[in-house]
There are 2 protein chains.
Amino acid sequence: MKQEQVLLAHGDGGQLTHQLVQELFLRYFNFPALQALTDAALLPPPAGRLAVTTDSFVVQPLFFPGGDIGTLAVAGTVNDLAVSGAKPMYLTAGFILEEGLLLVDLERVVASMAETARDAGVAIVAGDTKVVERGRGDGLYINTAGIGVVLPDLDGEGASLDGSRIGEGDAVLISGTLGDHGLTIMAQRAGIAFDTPVQSDCAPLSSLIAALQENCLGQVKWMRDPTRGGVATTLKEIAEVTAKDIVIDEQALPVRDAVADGAAILGLDPLYLANEGKVLVIVAPEARDAALAALQAHPLGREAACIGHVSGGSGQVYLKTPLGGHRILNRLMGESLPRIC
Amino acid sequence: MKQEQVLLAHGDGGQLTHQLVQELFLRYFNFPALQALTDAALLPPPAGRLAVTTDSFVVQPLFFPGGDIGTLAVAGTVNDLAVSGAKPMYLTAGFILEEGLLLVDLERVVASMAETARDAGVAIVAGDTKVVERGRGDGLYINTAGIGVVLPDLDGEGASLDGSRIGEGDAVLISGTLGDHGLTIMAQRAGIAFDTPVQSDCAPLSSLIAALQENCLGQVKWMRDPTRGGVATTLKEIAEVTAKDIVIDEQALPVRDAVADGAAILGLDPLYLANEGKVLVIVAPEARDAALAALQAHPLGREAACIGHVSGGSGQVYLKTPLGGHRILNRLMGESLPRIC
């Protein structure tokens, strides 16, 4: 392309939009129905129930250790489908570009999206680009919507994952360490470097979750990826939905030393830091060991741990401290962590 | 809600996000799978091929005669599905809010979306909200992704709408007047008021297009909604794809007097102005009258007209002027019309 930066005219639907689509997006996103440049991609009838989700990504900075806004935009939506028990199939991508964005930066992001989509086994089937004036955006924002299919052989004959099967004594598992993404972003923004570098965990969890489902067919009762608001907020939401308590053992929480130290310096709690490559899982007690083994056998689940259990109660989340105390965990309050994803 | 304005904390995934979702979005968007607040909506298996599209909306001003960014965000995506020959079924909605946006304005937009979705017969099944700092957005941006189903009884046994069936002599129809949306927005931005007020044509075209398809089963060869770039840019794109010429008769173009006058004052050409409630249709010559009658019988197609025909050639669009001259129409060039949708 002749330009080095995004111009307003790249968004007007005319010649420069056409060029941007042809010379950048279609070079990386090569799904035939997208290349056809029609108003909608036509796709074969899916072989099961649909799962549909959407997420916008406004993370700042755009590039960070472990990924960038493009990695996040694909992994985030793929993970929302996977934790819903669906096989992620298709993504759409909507870009809001700020005038002046360097085209080399846009290309890096688009390349990350293509690579992450390949890793996750999904196709980017439709896209859109808009441009806003300098000072009306922040480099770029990306929306992805995702479509998955609930395959009969993955969902244990339609066993619901909405939390309605959760019962007292069920085990609460997490697929790895807490807070890596959130701490990485906050440290970048604060300009802090650590002796042991931290990096975002952002990754598509589709194959990890498929492995878990294959090994525990129909025994997984609930899954959720603890992103904004962290593990504490996510557990509080499911505790309220089920009107049962969840008791978490502080000593069982896997947290990297560098993340724990960094969080302490910045006054943050890893339980409220966003994760972008982790899944919380609730299973019946008899399925706990098999589920943990399935997670730990996967490269993205090596540090999986059982962190607590469900008990009778009224929708509270309790953190059991090493000294035997209990702290109540509520939803994230206040504005400590904006634009984390 | 206690706040009058959007705060950064409305986007952090915690308590205020929860409140915004519960007390605003879910009051207007009442699809059960959305109300469940899971990570993805689970929907029954569709009865045909899927059509998938996405569009982001950054129009400025947010409110304009004839609609607002919410009307546009629903109608635009519905129309992309309908012109692809699909019955629009589901939308996702991603909001990027600027800190300080008035919550009453957000509510007006959300109410417009709900009303337009009801008119179009689609459900909003998934949503997401992010907040960016003051000066990093412009009130609000909305992304919608859409899913439709290509029903066997609408598509004439799968007759392709990609333009591959277009032949010499085919008729080019438009469902109504040109440029109403584009001129309305540009006049608002220029602070110009006309004696005869202009207003945006933005509307969901699903029922108009379904009526056309029912009356001309399998005879519609191509449809497209001429949004950004207008009728000229849209026709240039299909002329190039088919490597045939399209000849448009200037005298046949339906343009409201107020739009023609306003465009002249602002130095704009209605052929390049965006439409948000119009469809361009190409049909075989023998289907022309039936197609025109079907369009004109619908409230949104009363001013439908045959504006030209396809001829042999090499991908050019010619405008035949009243004096017998021919002007070549190319894609919109330059940055005359940013943020029109």
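Residues numbered from 1 in each chain as written. Chains lettered and ligands numbered in written order. Predicted model: local features only at pLDDT ≥ 70, side-chain atom pairs only at ≥ 80, totals over all residues. Heavy atoms only, no water.

What about the overall build of chain A?
The number of helices and strands found in chain A is nine helices and 14 strands. Considering only C-alpha atoms, chain A reaches an extent of 65 × 50 × 30 Å along its principal axes. Looking at chain A as a whole, 63% of its 341 residues qualify as buried. Long-range pairs, those at least 24 residues apart, make up 85% of the contacts in chain A with a sequence separation of at least 6. Of the roughly 12,100 Å² that chain A leaves accessible, carbon and sulfur atoms contribute 50%. (Helix = DSSP H or I, 4+ residues; strand = E, 2+ residues; numbered from the N terminus. Buried < 20%, exposed > 50% of the residue type's maximum accessible area, 1.4 Å probe, protein only. Contact = heavy atoms within 4.5 Å. Areas by Shrake-Rupley, 256 points an atom, 1.4 Å probe, with all protein chains shown as cover.)

Some remarks on the packing of aromatic side chains
One pass over the full model with this rule turns up six aromatic pairs over all chains. Taking 4.7 Å as the distance between ring centres and 40 degrees as the angle between the ring planes, the aromatic pair formed by Phe25(A) and Phe95(A) counts as tilted. Here Phe25(A), found in helix α1 (residues 15-28), pairs with Phe95(A), found in strand β5 (residues 87-98); they are 70 residues apart in sequence, far enough to count as distant. An aromatic cluster of three or more residues is present, and its members are Phe25(A), Phe29(A) and Phe95(A). Against the face of Phe63(A) rests Arg108(A), its NZ or CZ located 3.7 Å from the ring centre. The ring of Phe57(A) carries the charged tip of Lys130(B) above its face, separated from the ring centre by 5.6 Å. (Phe/Tyr/Trp six-rings, centres within 6.5 Å; stacked < 30°, edge-to-face > 60°. Lys NZ or Arg CZ within 6 Å of the ring centre and 35° of its normal.)

Notes on the environment of Leu332(B)
The residue Leu332(B) is located in the segment after β14 (326-329) in this model. What makes Leu332(B) buried here is its relative accessible area of 6%. Taking the C-alpha atoms as reference, Leu332(B) lies 30 Å from Ser207(B); in sequence the two are 125 residues apart. Apart from residues no more than four positions distant in its own chain, Leu332(B) is found in contact with Asp12(A), Gly14(A), Gln15(A), Gly229(B), Thr233(B), Tyr272(B) and Leu337(B).

Comments concerning the relation of the copies chain B and chain A
At an RMSD of 0.0 Å, chain B and chain A line up after a rotation of 180 degrees and a shift of 0.0 Å along the axis. A rotation of that kind, with that shift, is consistent with a two-fold axis. Looking at chain B, 100% of its interface residues are interface residues in chain A too, so the copies touch through the same face. (Least-squares fit on C-alpha atoms with pLDDT ≥ 70 in both.)

Things to note about the UniProt feature "domain: PurM-like C-terminal" (unreviewed entry) in chain A
Within this structure's numbering, the places UniProt gives as "domain: PurM-like C-terminal" (unreviewed entry) are residues 168-315 of chain A. Taken as a whole, residues 168-315 of chain A contains 36% helix and 17% strand, while its terminal C-alpha atoms sit 12 Å from one another. (UniProt positions renumbered as here; feature names shortened; annotations may be inferred.)

Thoughts on the interface of chain B and chain A
In this complex, chain B contributes 70 residues to the contact, which on the side of chain A involves 70 residues. At the boundary of chain B and chain A, one finds 32 residue pairs in polar contact (both at pLDDT 80 or more). Pairing geometry for strand β2 (residues 49-57) of chain A and strand β1 (residues 41-43) of chain B, over three bridges, is antiparallel. Bridge pairing in β1(B) places Ala51(A) opposite Leu42(B). (Polar contact = N/O pair within 3.5 Å; in protein donor to acceptor, adjacent residues only side chain to side chain. Pairing = 2+ DSSP bridges.)

Observations concerning the packing of helix α5 (residues 180-190) of chain B against helix α8 (residues 257-266) of chain B
All names here are of chain B. Look at α5 against α8: their axes get within 10 Å of each other, and the N-to-C directions meet at 50 degrees. By the angle between their axes, α5 is oblique relative to α8. Both α5 and α8 take part in a crossing whose hand is left-handed. Seen from α5, the contacting residues are Asp180, Leu183, Met186, Ala187 and Ala190; seen from α8, they are Ala258, Val259, Gly262, Ala263 and Leu266. Grouping the amino acids of the contact of α5 with α8 by side-chain chemistry returns eight nonpolar, one polar and one charged. (Axes fitted to C-alpha atoms, helices over the stretch in contact; angles between N-to-C directions. Parallel < 35°, antiparallel > 145°, perpendicular 65-115°, else oblique. Left-handed = near helix turned anticlockwise from the far one by under 90°. Nonpolar A, V, L, I, M, F, W, Y, C, P; charged D, E, K, R; others polar.)

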